[in-house]
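Spelled out from the first residue to the last, the chains are:
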Amino acid sequence: MFAKFLKTALLGIAALGIGAVQAQNYPTRPITVIVPFAAGGPTDVIARIVSEHMGKVLGQQLIVENVVGAGGTTGITKAFGATPDGYTIMMGHMGTHGAAPALYKNLKYKPASDFEPIGMAAGTPILVVARKDFPAKDLKEFVAYIKANGDKLNEGQAGVGSVSFSTCIMFNVLAGAKPTRVPYTGTGPVINDMMAGKIDYACDQIVSVASQIQGGSIKAYAIATEARSPALPDIPTTAEAGLPEFKVSAWNALFAPKGTPQDVVAKLNAALSTALNDPATKKRLEDLGGVVPKEGAERTSKWLGDFVAAEVKKWGEIIQAGGVVAQ
Ligand code: ASP
């Protein structure tokens, strides 16, 4: 009996030792970053930008894997079930880790308690964007037009629970519009179809639309933040453009599956922060309108954990108020 106990105890101690050594050497092989949306959208773009520099810091490549579907919840559900060893992490956002629980009755994960938050990657203001030949010269005309012709218009969004889905619920309610809501696997393909004239408008995160707006292949009516974005200084805020009630912002952040060792999470957090301080990485994010979190509290795992809990609560209330029924 005692011998058996001793053997089990020794095995336990040995396993702990191996765990500690593994964490010390971590990472010894490439790390998969699950992106729950299609390539070319903001989640994908932000993941690729920060991964590149994090890979240099950690001495191992971070490889993006796009696992799409169900407004990002398919990819996050997959990442949630991955071995918590630091070799699979994920790029979540305001949809997957904020709005989704209010929209899916049987969501497999709880954003605030089923993950190890790594850190915030970027804040992403929301813009109301439309095909370049949309017949409205400013936001007021746009709102009047979609109110009158909504049933003939296609609004592109990245699936139930996504940022574009949830923020445009707010926008459509405020505008009194009822467009056809066309689901995609991410807003990268939404914007491609908008450039081809197949999608009339969308509410999207700045990072996937800034260069197209600058280049004139789509147009933006307003940015839903307090102040204009330095990346798009000519685009008025919704308050300036006459719809001050539409104020909303999104974000993208890295998470690891629950149970990932804390020292591994700390290494990932430090690598992310180093990447955000790297002038070239920071500039790439900021040129696209991304808001890099300030050094200090906002960069910590703890801050992200508290923020996610607040976001789940906030979006639960907004979605309930919008009268949207969970699937
Ligand atoms: N911006 C998208 C959303 O609406 C997702 C993406 O493609 O990153 O949630």
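Everything below is about the structure printed above this text.
Below: a short report on this structure. Being a predicted model, the structure only gives us computed values, none of them experimental.

## A look at the overall build of the chain
And step 1. Counting secondary structure elements, the chain contains 12 helices and nine strands.
And step 2. By the compact-globule yardstick of 20 Å for 327 residues, the chain fits well, its C-alpha radius of gyration being 21 Å.
And step 3. Counting only C-alpha atoms, the chain reaches 80 × 45 × 30 Å along its principal axes.
And step 4. Across the 327 residues that make up the chain, the buried fraction comes to 53%.
And step 5. Total accessible area on the chain stands at roughly 14100 Å², and carbon and sulfur atoms take up 59% of it.
And step 6. Distance between charge centres in the chain, computed from 31 positive and 27 negative side chains, equals 5 Å.

## Here we look at the site of the ligand
And step 1. Of all residues adjacent to the ligand, which total 13 residues, the nearest are Thr-43, His-93, Val-163, Ser-164 and Gln-205.
And step 2. At a separation of 2.5 Å, an oxygen atom of the ligand approaches a polar side-chain atom of Ser-164.
And step 3. Here the ligand has 270 Å² of accessible area as a free molecule, and 100% of this is covered by the chains.
And step 4. Those elements giving two or more residues to the shell around the ligand turn out to be helix H2 (42–58), helix H6 (163–175) and strand S7 (201–205).
And step 5. A per-class count over the shell around the ligand returns four nonpolar, eight polar and one charged.

## Let's talk about the pairing of strand S2 (residues 62–66)
Side-chain direction in a regular strand flips from residue to residue, so the side chains alternate between the two faces of the sheet.
And step 1. In this sheet, S2 lies alongside strand S1 (residues 31–35) in parallel orientation, the contact comprising five bridges. When the sheet's bridge partners are listed, Thr-32 is paired in S2 with Ile-63.
And step 2. Viewed along the sheet, the connection from S1 through H2 into S2 turns out right-handed.

## A look at the packing of aromatic side chains
And step 1. Summed over all chains, the structure comprises 15 aromatic pairs.
And step 2. For the pair Trp-303 and Phe-307, a centre-to-centre distance of 4.9 Å together with 10° between the ring planes defines the contact as stacked. Taken together, the residues span about one helical turn, with Trp-303 and Phe-307 both in helix H12 (residues 301–321) at a distance of four residues.
And step 3. Put simply, the rings of Phe-134, Phe-142, Tyr-145, Phe-171, Tyr-201, Tyr-221 and Phe-246 touch in pairs and so form one group of aromatic residues.
And step 4. Taking NZ or CZ as reference, Arg-29 lies 3.8 Å from the ring centre of Tyr-87, over its face.
And step 5. In this structure, Arg-181 is placed above the aromatic ring of Phe-165, and the distance from its NZ or CZ to the ring centre is 4.5 Å.

## A few points about unusual backbone geometry
And step 1. The linkage connecting Tyr-26 with the following residue, Pro-27, adopts the cis geometry, with an omega of -5°.
And step 2. By the secondary structure assignment, Pro-27 is in the loop between helix H1 (2–25) and S1.
And step 3. At Ala-70, a position not held by glycine, the phi torsion is positive, near 50°.
And step 4. Along the polypeptide, Ala-70 turns up in the loop between S2 and helix H3 (73–80).

## A word on the side chain of Thr-167
And step 1. With respect to the helices and strands, the residue Thr-167 is situated in helix H6.
And step 2. We classify Thr-167 as buried; its relative accessible area is 0%.
And step 3. With residues up to four places along the chain from it excluded, the contact list for Thr-167 reads Met-94, Ile-126, Cys-203, Phe-246, Val-248 and Trp-315.

## Brief notes about the packing of H2 against helix H11 (residues 279–287)
And step 1. For the pair H2 and H11, interaxial distance at closest approach is 10 Å and the crossing angle is 175°. As judged from the angle between their axes, H2 and H11 are roughly antiparallel. Only Thr-281, Arg-284 and Leu-285 of H11 make contact with H2, whose side of the interface consists of Ile-46, Ile-49, Val-50, Glu-52 and His-53.
And step 2. Classifying every residue of the contact of H2 with H11 gives four nonpolar, two polar and two charged.

## Brief notes about H2
Spacing of three or four residues puts side chains on the same side of an α-helix, whose turn is 3.6 residues.
And step 1. Over its 17 residues, H2 runs 24 Å from end to end, which matches the ideal 24 Å to within 8%, given 1.5 Å per residue.
And step 2. Helix geometry: H2 is bent most strongly at Ser-51, by close to 25°.
And step 3. Counting buried positions along H2 gives 13 out of 17 residues, so the element sits mostly inside the fold.
And step 4. Two residues or fewer past H2, Gly-59 is found with a positive phi of approximately 75°.

## Digging into the environment of Asn-149
And step 1. On the secondary structure map, Asn-149 appears in helix H5 (residues 139–149).
And step 2. Separated by 28 residues in the primary sequence, Asn-149 and Ala-177 place their C-alpha atoms 8.0 Å from one another.

## Quick notes on H12
And step 1. Look at H12: 30 Å from first C-alpha to last across 21 residues, which is about the 30 Å you get at 1.5 Å a residue.
And step 2. For H12, every residue scored as buried is listed here: Leu-304, Gly-305, Val-308, Glu-311, Trp-315 and Ile-319. All buried residues of H12 lie within an arc of 120° about the axis, which places them on one face of the element. What points out from H12, more than 90 degrees from its buried face, is the exposed set Lys-302, Lys-313, Gln-320 and Ala-321.
And step 3. Against helix H4 (95–103), strand S4 (115–131), H6 and strand S9 (249–257) lie the buried residues of H12.
And step 4. Backbone geometry just after H12 places Gly-323 at a positive phi near 70°.

The rules behind each value
Residue positions are given per chain, counting from 1 as you read along its sequence in written order. Reporting in this predicted model follows two pLDDT cut-offs: at least 70 for local features of residues, and 80 or more for side-chain atom pairs to be given and counted; totals over whole chains, interfaces and linings ignore these cut-offs and use all residues. Computation of side-chain values: all heavy atoms of the structure, hydrogens and water removed. Helix and strand definitions here come from DSSP, where helices need a minimum of 4 consecutive H or I residues and strands a minimum of 2 consecutive E residues; each element is numbered from the N-terminal end. In this treatment the radius of gyration is a C-alpha quantity, and the globule benchmark scales as 2.2 Å times the residue count to the 0.38 power. The buried label applies to any residue whose accessible area, calculated with a 1.4 Å probe on protein chains only, is under 20% of its type's maximum; exposed applies above 50%, and partly exposed to all values in between. In this description, accessible areas are obtained by the Shrake-Rupley approach with a 1.4 Å probe, and a residue is regarded as covered only by the protein chains that are shown. Counted charges follow a simple rule, with Lys and Arg positive, Asp and Glu negative, and His plus the chain ends left uncounted. All charge positions are set by atom: Lys at NZ, Arg at CZ, Asp at CG, Glu at CD. Think of it this way: one heavy atom of a residue within 4 Å of a molecule or strand is enough to make that residue near it. In the analysis that follows, any N or O atom pair within 3.5 Å is treated as a polar contact, provided that within protein one partner can donate a hydrogen and the other can accept it, and provided that, for residues neighboring in sequence, both atoms belong to side chains. Think of it as three bins: nonpolar holds Ala, Val, Leu, Ile, Met, Phe, Trp, Tyr, Cys and Pro, charged holds Asp, Glu, Lys and Arg, and polar takes everything else, Gly as well. Being paired, for any two strands, means DSSP has found at least two bridges between them. By the criterion used throughout, a crossover qualifies as right-handed when its path from the first strand across the helix to the second strand runs clockwise, the strands pointing away from the viewer. Only rings of Phe, Tyr and Trp enter the pairing, Trp through its six-membered ring, and a pair is recorded when the two centres are within 6.5 Å. The plane angle decides the type: under 30 degrees is stacked, over 60 is edge-to-face, the rest tilted. Note on geometry: a ring has a charge over it if NZ (lysine) or CZ (arginine) is within 6 Å of the ring centre and within 35 degrees of the ring normal. Throughout, a contact is declared for two residues whenever any of their heavy atoms are within 4.5 Å. Interaxial angle, 0 to 180 degrees, is taken between N-to-C directions of lines fitted to C-alpha atoms, where a helix line uses only the stretch in contact. Angular relationships are summarised with four words: roughly parallel below 35 degrees, roughly antiparallel beyond 145, roughly perpendicular across 65 to 115, and oblique for the angles in between. By definition here, a helix of n residues has an expected span of 1.5 Å times n minus one. The reported bend at a residue is simply the angle between two axes, fitted to the 7 residues ending at it and to the 7 residues beginning with it. Throughout, the arc means that of the directions going from the helix axis to the C-beta atoms.

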